[in-house]
Amino acid sequence: MERRTSERLVNLTIALLTARTFTSKDRLRDLVEGYHGLNNENFDRQFERDKDTLRALGVPIETGTDERYFADEPGYRIRRDDFELPPLSFGPAEVAVLVTAAQVWQQASVAESTTRALTKVWASGVEPDIDRLGALRPHISAREPAWQTLWDALQARRYVTFTYHNMARRVAPFVLAYRHGAWYLAGFDDTRGAPRLFKLGRIQGEVSLTGEPGAYELPATPATELLAGLEEAQPDATALLAVRSGRAPWLTRRAELVAQAEGEWRRWQLPYASGGAVVDDIAMGGADVRVIEPAELAEAVKAHHQALLANLGVTP
Amino acid sequence: MTAAPQVARLLILVPYLQQREYVDVAEVAADFNIKPRQVLDDLQVLVMCGLPGGLPDDLIEIDLDLAREEGLIHMRNSPLTRPLRFTRDEAVSLIVAVEAVREVADGPTAQAAQSVIDKLSGLMGEALPVRLEVAAGGDDVRDRLGEAIDQGLQVRLTYDGLARRGTTTPVVDPTRVEVRDGASYLVAWALDRGDWRSYRLDRIADAELTGQPAKDHGAPPVASGSFEDTPDTATLDLDASAAWVAEYYPVRGVTALPDGGVQVVLPVADPGFLTGLILRLGPQIRFVDPPSAAADALAEARAFLGQLD
């Protein structure tokens, strides 16, 4: 049964693609063997379903009339230029990149789409006869349950609904962003009437598709300002630290060495964003880091360590 | 109605076969990521397809016996010469995958990846609705490591590892670069440990060639250096403000506490890592089990306060 369906759909595609002009439905019924033997009602239903299936696969079936022959009867066609992948050429280094790209997605559905895109490249005359880059294993995973629905919504330009911060939202997805292993969605939140950024891991419950495909257009530079919110805050202050030689490299790598040294201690000037995580960053250095100035920062780090000892029931 | 995936494939398979005079069934199966049996099934459908008219010359011709018995495909009379255009989903999936390669690649390979992205984006004709950012460290380090891997050379890393909270200079035989959970890792044989280790690329401050060739240590284990096979765990009760720990680390378990806090069970691959995390979380930690897991962190905090006097 599946074989007969595939056969009919491929033959319909070829018939529409090779016709010089619009072809009427009745003519297609004659041309495509898979339609023979169906009564009118079944043929009509089958033909509509076939068109939908092909369009969903990206086959551009156009409707129109050829004035000369059937003034009042609609016909169908596929323009070759709309159907065919334009010529592509890739050098050996580029083919190696493409072959490596086949292994990147860990999500079955997207991995399949990637494979299908690649087979189109190979069908276009590019030979995948080059080994993948053995020394590179980039993987992208998306473990967040919300991910697949949001990806589908984004490709189809459909609205989604979900709960975030205990509030029901209706959102037009603009961009999915993967940063440091977590996925974010930037989009227009209809409920709030403003663009918003959502962390997928914090979406509560299910995400549902709603409304029709193609319900909105992507902005030209989608959500640039929103995504800038994911960047680290810019430094607006400088601290003077004493750090034991060779310790706390996560601090010293973004600091500048100051000439004066005392034994195993080196002095560093560290630019930091106030209101950021500088206290946590310094505290992680334990006894290898001391804050010389500013006094408020020195006090904050001291309070941080005192609270740790107090919480875990140890007297300082 | 499950014919759609097969139809999508057939519309690609016809021009694919048209480009290749003779091709192995096994090769087609590998390129399309399907079983050889499925390839033969596809061919059986194709011989019933062709130009409308129903005359023998109108149909696609494939010697099915040759395909079944010799595993070789030869097609004639193709009505399709070019594959169908990319759907948006296909184009985005492939471009993002190539971006992931570019993010971890070194010099010439990164350039090749960018050129592929440019060509594919040109076909798509709209902005890419997906952004990738992989913590992959500096270009210099990546180029040097790429060169060392290609030529089989040993390197000395300057590594700012979080586990020891200090800089170390391990000598390693580098093998490959992996991306896991949004960060790139160098997988290498560490000479001093006599074992495989992963080093986060963004914590490698420098990599210099030692002038020695790297030795062959066989293939590294999959996901080496990850937390997955660690038997030890520590349980931390945290304030709600520290709930990010459960998203950021591969925790074994997360339980909500009645007042909004969370309890997380963390695998402890390296006690130094846990000490750093506890010092960092400070006031946001309420309880650690077993208490001994916090001993080093508490000693550090006490030593810090002692230095102030």
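Quantities reported herein were computed from a predicted structural model and do not represent experimental measurements.

(A) Region of the structure containing the pattern of salt bridges. All names here are of chain A. All told, the structure shown has 34 salt bridges over all chains when counted by the stated rule. Here glutamate 48 ties to lysine 51 by a salt bridge, and the two come within 3.2 Å at their closest N and O atoms. Of the two residues, glutamate 48 and lysine 51 are both situated in helix 3 (residues 40-56); the distance of three residues between them amounts to about one turn of the helix. We note a salt bridge from aspartate 82 to arginine 79, for which the minimum N-O separation is 3.9 Å. For aspartate 82, a relative accessible area of 36% puts it in the partly exposed group. By relative accessible area, which is 40% here, arginine 79 ends up partly exposed. Counted as one network, the salt bridges with shared partners bring together Glu62, Arg77, Arg79 and Asp82.

(B) Quick look at the nonpolar core. Core analysis: the biggest nonpolar cluster contains 131 residues, and Trp105 and Trp183 of chain A together with Leu17, Ile73 and Leu186 of chain B have the highest contact counts within it. Broken down by element, this core gets its largest block of residues, ten residues, from helix 5 (residues 88-104) of chain B. When near neighbours in sequence (up to four residues on either side) are disregarded, isoleucine 73 of chain B contacts Leu17, Glu21, Tyr22, Val23, Val25, Val28, Val39, Leu43, Ile62 and Ala67 of chain B. Within the second largest apolar cluster, 45 residues are counted, among which are Leu236, Ile278, Ala297 and Phe304 of chain B.

(C) A look at the interface of chain A and chain B. At the junction of the two partners, chain A supplies 119 residues and chain B supplies 104 residues. Both faces combined, the contact of chain A with chain B buries some 9900 Å², and carbon together with sulfur accounts for 63% of it. In this structure, the connection of chain A to chain B is made through eight salt bridges. Between glutamate 126 of chain B and arginine 157 of chain A there is a salt bridge whose closest N-O contact spans 3.0 Å. Across the contact surface, chain A and chain B share 47 residue pairs in polar contact (both at pLDDT 80 or more). In terms of residue count, the dominant contributor to the side of chain A that touches chain B is helix 1 (residues 2-18) of chain A (13 residues). The pairing of strand 6 (residues 167-179) of chain A with strand 5 (residues 130-133) of chain B spans four bridges and is parallel.

(D) Highlighting unusual backbone geometry. A cis amide bond links glutamate 293 of chain A with the next residue in sequence, proline 294 of chain A, at an omega value of 0°. That bond from aspartate 289 of chain B to proline 290 of chain B is cis: its omega, 0°, falls within 30 degrees of zero. Counting through the fold element by element, proline 290 of chain B comes out in the loop between strand 15 (285-289) and helix 10 (295-308). Non-glycine residue arginine 157 of chain A carries a positive phi angle of around 55°.

(E) Structural view of the sheet that holds strand 2 (residues 62-64) of chain A. All names here are of chain A. A sheet is described by the order of its strands in space; here three strands give the open sequence 1-3-2, paired in antiparallel fashion. Taken across any chain shown, the strands that pair with only one partner, and hence form the sheet edges, are strand 1 (23-24) and strand 2. Of the pairings in the sheet, the one linking strand 2 to strand 3 (residues 75-77) comprises three bridges and is antiparallel in character. Bridge assignment links glycine 64 to a residue of strand 3, and that residue is glycine 75.

(F) Local environment of the pairing of strand 10 (residues 237-244) of chain A. Residues and elements named next belong to chain A. Note: strand 10 against strand 12 (residues 265-272), eight bridges, orientation antiparallel. By the bridge assignment for strand 12, alanine 237 is matched with tyrosine 272. Where strand 10 and strand 13 (residues 289-293) come together, four bridges link them in antiparallel fashion. Considered in strand 13, the bridge of leucine 240 is made with glutamate 293.

(G) Structural detail: the packing of aromatic side chains. Residue and element names in this part refer to chain A. Applying the stated criterion to the full structure yields 18 aromatic pairs over all chains. A ring pair is formed by tryptophan 147 and tryptophan 151, whose centres lie 5.0 Å apart and whose planes are at 25°; its orientation type is stacked. Within this pair, tryptophan 147 and its partner tryptophan 151 are both found in helix 7 (residues 147-156), separated by four residues, close to a single helical turn. In this structure tryptophan 147 comes out as buried when scored by relative accessible area, which is 1%. By the ring-pair criterion, three or more aromatic residues cluster together here, those being Trp105, Trp147, Trp151, Tyr178 and Trp183. Across the ring face of tyrosine 159, the terminal group of arginine 170 is positioned such that the distance to the ring centre comes to 3.9 Å. Of note, arginine 290 hangs over the ring of tryptophan 265, and the distance from its end group to the ring centre comes to 4.4 Å.

(H) Examining the packing of helix 2 (residues 25-32) of chain B against helix 3 (residues 36-46) of chain B more closely. Residues and elements named next belong to chain B. Running from amino to carboxyl end, helix 2 crosses helix 3 at an angle of 100°, the nearest separation of the two axes being 8 Å. Overall, the two elements helix 2 and helix 3 adopt an arrangement that is roughly perpendicular. Of helix 3, the residues touching helix 2 (which contributes Val25, Val28 and Ala29) are Pro36, Val39 and Leu40. Looking at the contact of helix 2 with helix 3, its residues break down into six nonpolar, no polar and no charged.

(I) Fine view of the environment of phenylalanine 174 of chain A. Residue and element names in this part refer to chain A. You can see phenylalanine 174 is positioned in strand 6. For phenylalanine 174, a relative accessible area of 12% translates into the label buried. For the pair phenylalanine 174 and alanine 303, spaced 129 residues apart in sequence, the C-alpha separation works out to 43 Å.

The rules we used
Residues numbered from 1 in each chain as written. Chains lettered and ligands numbered in written order. Predicted model: local features only at pLDDT ≥ 70, side-chain atom pairs only at ≥ 80, totals over all residues. Heavy atoms only, no water. Salt bridge = Lys/Arg side-chain N within 4 Å of Asp/Glu carboxyl O. Helix = DSSP H or I, 4+ residues; strand = E, 2+ residues; numbered from the N terminus. Buried < 20%, exposed > 50% of the residue type's maximum accessible area, 1.4 Å probe, protein only. Core = buried A, V, L, I, M, F, W, Y, C linked by side-chain atoms within 4.5 Å. Contact = heavy atoms within 4.5 Å. Buried area = accessible area lost by both parts, 1.4 Å probe. Polar contact = N/O pair within 3.5 Å; in protein donor to acceptor, adjacent residues only side chain to side chain. Pairing = 2+ DSSP bridges. Phe/Tyr/Trp six-rings, centres within 6.5 Å; stacked < 30°, edge-to-face > 60°. Lys NZ or Arg CZ within 6 Å of the ring centre and 35° of its normal. Axes fitted to C-alpha atoms, helices over the stretch in contact; angles between N-to-C directions. Parallel < 35°, antiparallel > 145°, perpendicular 65-115°, else oblique. Nonpolar A, V, L, I, M, F, W, Y, C, P; charged D, E, K, R; others polar.

The values reported here are purely geometric and, on their own, carry no functional implication.
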